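# Residue-level structure breakdown
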Amino acid sequence: MNEMIIKDAIEFVKNTFHDDYSGHDYFHTLRVYKMATRIAEQENANLIIVQLAALLHDVDDIKLSPKTYVNKNRAIDFLRKQGVSEAMIKTICNIITEVSFRGTDSTEPETIEGKCVQDADRLDAMGAIGIARAFAYGGSHHRIMYDPEIKPIVNMNATQYQSHVSTTINHFYEKLFRIKELMNTDTAKKIAEQREDYMKIHISEFLDEWDGIR
Ligand code: ADP
Ligand code: NI
């Protein structure tokens, strides 16, 4: 039965994200689902809760679906149709609420299942794929790659972070180089270390080329 729900959830997110170019596409969700499963197995978390929350974590995202963001209608409708209990729906919705990065207002999930999903989502913003997603996001939001005159602002709260317009290079200092410290599980911390090292090399090369050093 669990296998059927997962299969349907994968199909549901595939249809939901078919025309996204902001880094929130179907393959992002699929990677988060796989990574959350890997972390959950290491951390002995409840697999079905982790997998459903991972698959549904972006369907009511404020940027993609502002009308359903507060009540999570898309996730709840899907889960009800699948006959998932109201108690489990509530647990999954709590995890989805906790998952997002909101600057200094980011929350540490209450449950181990929430920690696994949050770590998996954040890991996908790091490393080679994280770099690609950041520039894809920047382009789709008409942001410039870099301007040495515009300085990064660290430690923004949720409101400042959401309304802040900056460059993609600044996003590395404002978020991407900060999330390693925020990883909840030991499994994710190890993966984050390697991905952060890789991003640091990339940004250092970028700035050297910019300055004509290379
Ligand atoms: P979350 O998955 O925590 O909800 P976001 O929706 O903020 O994260 O980000 C989705 C992707 O877009 C991530 O890879 C993130 O790094 C990237 N992104 C978000 N904001 C920016 C930005 N201002 N500039 C460049 N990339 C961004
Ligand atoms: Ni996500």
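Everything that follows concerns the structure shown earlier in this document.
Residues numbered from 1 in each chain as written. Chains lettered and ligands numbered in written order. Predicted model: local features only at pLDDT ≥ 70, side-chain atom pairs only at ≥ 80, totals over all residues. Heavy atoms only, no water.

### Structural notes on the site of ligand 1
Formally: Definition of nearness: a residue and a molecule or strand are near each other if at least one heavy atom of the residue lies within 4 Å of the molecule or strand. Pairing of N or O atoms within 3.5 Å defines a polar contact, subject to two protein rules: one partner must be a possible hydrogen donor and the other a possible acceptor, and residues neighboring in sequence count only if both atoms are side-chain atoms. Where accessible areas are quoted, they stem from the Shrake-Rupley method and a 1.4 Å probe; at the residue level, only the protein chains shown are allowed to cover. To qualify as a helix, a DSSP run of H or I must reach at least 4 residues; to qualify as a strand, a run of E must reach at least 2; elements of each kind are numbered from the N terminus.
Every one of the 13 residues lining ligand 1 counts as a neighbour, but His24, Lys63, Asp121, Arg143 and His171 are closest to it. A distance of 3.2 Å separates an oxygen atom of ligand 1 from a polar atom in the side chain of serine 100. Contact between ligand 1 and lysine 175: an oxygen atom at 3.2 Å from a side-chain N or O atom of the residue. For ligand 1, the protein covers 94% of the area, taking 540 Å² as the surface of the free molecule. Listed by contribution, the elements that provide at least two residues to the shell around ligand 1 are helix H7 (127-140) and helix H9 (168-176).

### A short note on the coordination of the nickel ion (ligand 2)
What counts here: Donor criterion used throughout: N, O or S atom within 2.8 Å of the metal, extended to 3.2 Å for Na, K and Ca. Water excluded; incomplete-looking sites may result. Key to geometry: four donors with every angle between 85 and 135 degrees are tetrahedral; four donors are square planar and six octahedral where opposite donors lie over 155 degrees apart and all remaining angles lie between 65 and 115; all other sites are irregular. Between buried and exposed lies partly exposed: a residue is buried under 20% and exposed over 50% of the maximum accessible area for its type, with that area taken using a 1.4 Å probe on protein chains only.
Donor atoms from the polypeptide that coordinate the nickel ion (ligand 2) comprise His28 (NE2), His57 (NE2), Asp58 (OD) and Asp121 (OD), at 2.2 to 2.6 Å from the metal. The coordination sphere of the nickel ion (ligand 2) comprises four donor atoms, whose angles at the metal cover 80 to 166°; the geometry is irregular. Spacing between the donor residues of the nickel ion (ligand 2) along their common chain follows H-x28-H-D-x62-D. One end of the pair, aspartate 58, is in the loop between helix H3 (47-56) and helix H4 (73-81); the other, aspartate 121, is in helix H6 (residues 112-123), with 63 residues separating them in the sequence. Residue aspartate 58 is classed as buried on the basis of its relative accessible area, which comes to 3%. By relative accessible area, which is 15% here, aspartate 121 ends up buried.

### Concerning helix H5 (residues 86-99)
One turn of the α-helix equals 3.6 residues, which is why residues spaced by three or four share an orientation. As a reminder, the rule being used: Helices are assigned an expected span. That span is 1.5 Å times one less than the residue count. Throughout, a residue-residue contact means that at least one pair of heavy atoms, one from each residue, lies within 4.5 Å.
Taking 1.5 Å of rise per residue, the 14 residues of H5 would be expected to cover 20 Å, and the 20 Å separating its terminal C-alpha atoms lies within 8% of that figure. The complete set of buried residues in H5 reads Ile89, Ile92, Cys93, Ile95, Ile96, Glu98 and Val99. Where H5 is buried, its residues touch H3, H4 and H6.

### Some words on the side chain of lysine 72
Tracing the backbone shows lysine 72 in the loop between H3 and H4. Reaching out from lysine 72, the side chain makes a polar contact with the backbone oxygen of tyrosine 69 at a distance of 3.3 Å. In this view, lysine 72 contacts Asp60, Cys93, Ile96 and Thr97; residues no more than four positions away in its chain are not counted.

### Structural notes on the pattern of salt bridges
Two side chains carrying opposite charge are able to pair once their charged atoms lie near each other. For clarity, the threshold we go by: Any Lys or Arg side-chain nitrogen located within 4 Å of an Asp or Glu carboxyl oxygen qualifies as a salt bridge.
Enumeration according to the criterion identifies eight salt bridges in this entry. A salt bridge links aspartate 124 to arginine 133; its shortest N-O distance comes to 3.4 Å. Take aspartate 124 and arginine 133: they sit in the same class, and that class is buried. The shortest N-O distance in the salt bridge between glutamate 196 and lysine 180 comes to 3.5 Å.

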